[in-house]
Amino acid sequence: MTVARTICLGFLAVILVGALLLMLPFSTASGEWNSPVAALFTATSAVCVTGLSVVDVGKFYSFWGQFFLVLLVQVGGLGYMTATTVLLLLLGKRLGLREKIAVQQSLDVQGLSGLAGLLQSIIATTLVFELTGVILLMTVFVPQYQDQPLWALWQSIFHSVNAFNNAGFGLFSDNLVQYVTNPVMNFTITGLIIFGGIGYGVIMELYQWIRNRIMRNPCRSNFSLNFRVATSTTIALLILGTIAFYATEFRNPNTLGALSLPHQLMAAWFQSVTPRTAGFNTIDITKMTTAGLFITIALMFMGASPGGTGGGIKTTTVRVLLDCTKAVLQGKEVVLGSQRQIPSALILKAVAVLVGSIGTVIGATILIALTDAKLDFIHILFEVVSAFATVGLTAFGTANLSIPGQLVIIAVMYVGRVGVLLLMSAILGDPKPSFVNYPEENLLVG
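In this text the structure is predicted, and so the values were computed from the model without any measurement. (Residues numbered from 1 in each chain as written. Predicted model: local features only at pLDDT ≥ 70, side-chain atom pairs only at ≥ 80, totals over all residues. Heavy atoms only, no water.)

S.K.: Could you clarify how one ought to interpret empty space enclosed by the protein in this entry?
M.R.: Gaps between atoms show up when a probe of the same size as a water molecule is rolled over them. Applying the stated criterion across every chain yields a total of 1 cavity of 30 Å³ or more. Taken as a whole, the largest cavity encloses approximately 70 Å³ of empty space. Lining the largest cavity are Ile 193, Ile 194, Gly 197, Ile 198, Thr 234, Leu 238, Val 273, Arg 276, Ala 304 and Ser 305. Elements that contribute at least two residues to the lining of the largest cavity include exactly α9 (183-198) and α11 (225-249). A total of 4 residues in the lining of the largest cavity trace back to one element, the largest contributor, which is α9. Partitioned by chemical class, the residues of the lining of the largest cavity number 6 nonpolar, 3 polar and 1 charged. (1 Å grid on protein atoms, 1.4 Å probe; cavity = no way out; pocket = protein on both sides within 12 Å on 5 of 7 lines; lining within 4 Å. Points joined across faces, edges and corners; volume = space filled by probe spheres on them. Helix = DSSP H or I, 4+ residues; strand = E, 2+ residues; numbered from the N terminus. Nonpolar A, V, L, I, M, F, W, Y, C, P; charged D, E, K, R; others polar.)

Have a look at this one:
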């Protein structure tokens, strides 16, 4: 079995186990068996760190159901191979070549050396951020639930884990709309989303840079191209997204219009962060303007950064494609990014990711337009992109989808999490090198 098939089947196995656990009577608040489709949908959404749900998670699931949900989100955020490998290391097992290659591909890192140390760093980073999030969120939930300290603690844990893993499940029926004016909630959740989605490699480089500064280490600490591209693109998208959301929604009385200027800016910032790719919301998405919905779709499709817990086509893919366009417009034959030449193989990969992603979105949109013809096109496209980019926002309520429509969304969430190229590699097998050179010929393009 190829490494790609191992990863894809591993995610599938975790989803099926999670669906079984969520079907059990003690996982539901009513104590009755859960619907197989609802359990499968929720498990897929959790493992794919999406956040879409056909039920009200806070009311429908018992504590144990919510606990299983958090575990599935954590496994999904770390990645199947990372979680499995960490378990093997905890059991004292040594990593074989196959496991190392699988982890390398799932984390998208170069080389096989030092993977055990890298995994330990990832786990430590995850724990530090999630525990920090728990502590900060307790300052919000403890005063709110003074007579229920354990419930306040669980609320903090649940939302911190979901935020850092870019999942977006909430225990409130309105998600986080009631906290739209709470700065601690807004900036804690957005901070966890940003660091969770920017990638572990970027976080570790930043940590090393800070450490060298504190220790006054004379060694050079130049940031890698991946760090510069991921951070600069992320910052640019966050700023542009905030401005765009404010410009399109500040007059809408159902979203930002009823808020004061500082709270409008904070809500616009939150809504700029969460589409990439967490799924929390502090305003009612169903009442956004069409322009606001389309901006959200664009941000969701671009997504987070490689090596993180988010989805989408990734910020680095967007940057490579923009640099390609810039090179063509300038008449250059090489593509440059941050004063570095981008390899042609990387450009081809970026194009393949874009084409595969667009194809998946178009196909799923057509299917749901057939199964749920009563829905508006913008809402169907929003739901499909949200599922593919593993975001979790919905513009009309996922529960309103028909069963066939829900099954399509389940498939889209799975494809979005494992990745289009990895899934195709699992289906078609490892590519075979070609030793045949064909003659070159021009054709008209554009």
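S.K.: How should the pattern of salt bridges be read in this particular structure?
M.R.: Side-chain pairing between opposite charges can occur once the charged atoms of the two side chains come close. All chains considered together, the criterion is met by 2 salt bridges. Ionic pairing is found between Asp 284 and Lys 287, a salt bridge with its closest N-O pair at 4.0 Å. The class of Lys 287 is partly exposed, set by a relative accessible area of 42%. Here Lys 374 and Asp 372 are joined by a salt bridge, their closest N and O atoms 3.6 Å apart. Among the residues examined, Asp 372 registers a relative accessible area of 1% and is labelled buried. (Salt bridge = Lys/Arg side-chain N within 4 Å of Asp/Glu carboxyl O. Buried < 20%, exposed > 50% of the residue type's maximum accessible area, 1.4 Å probe, protein only.)

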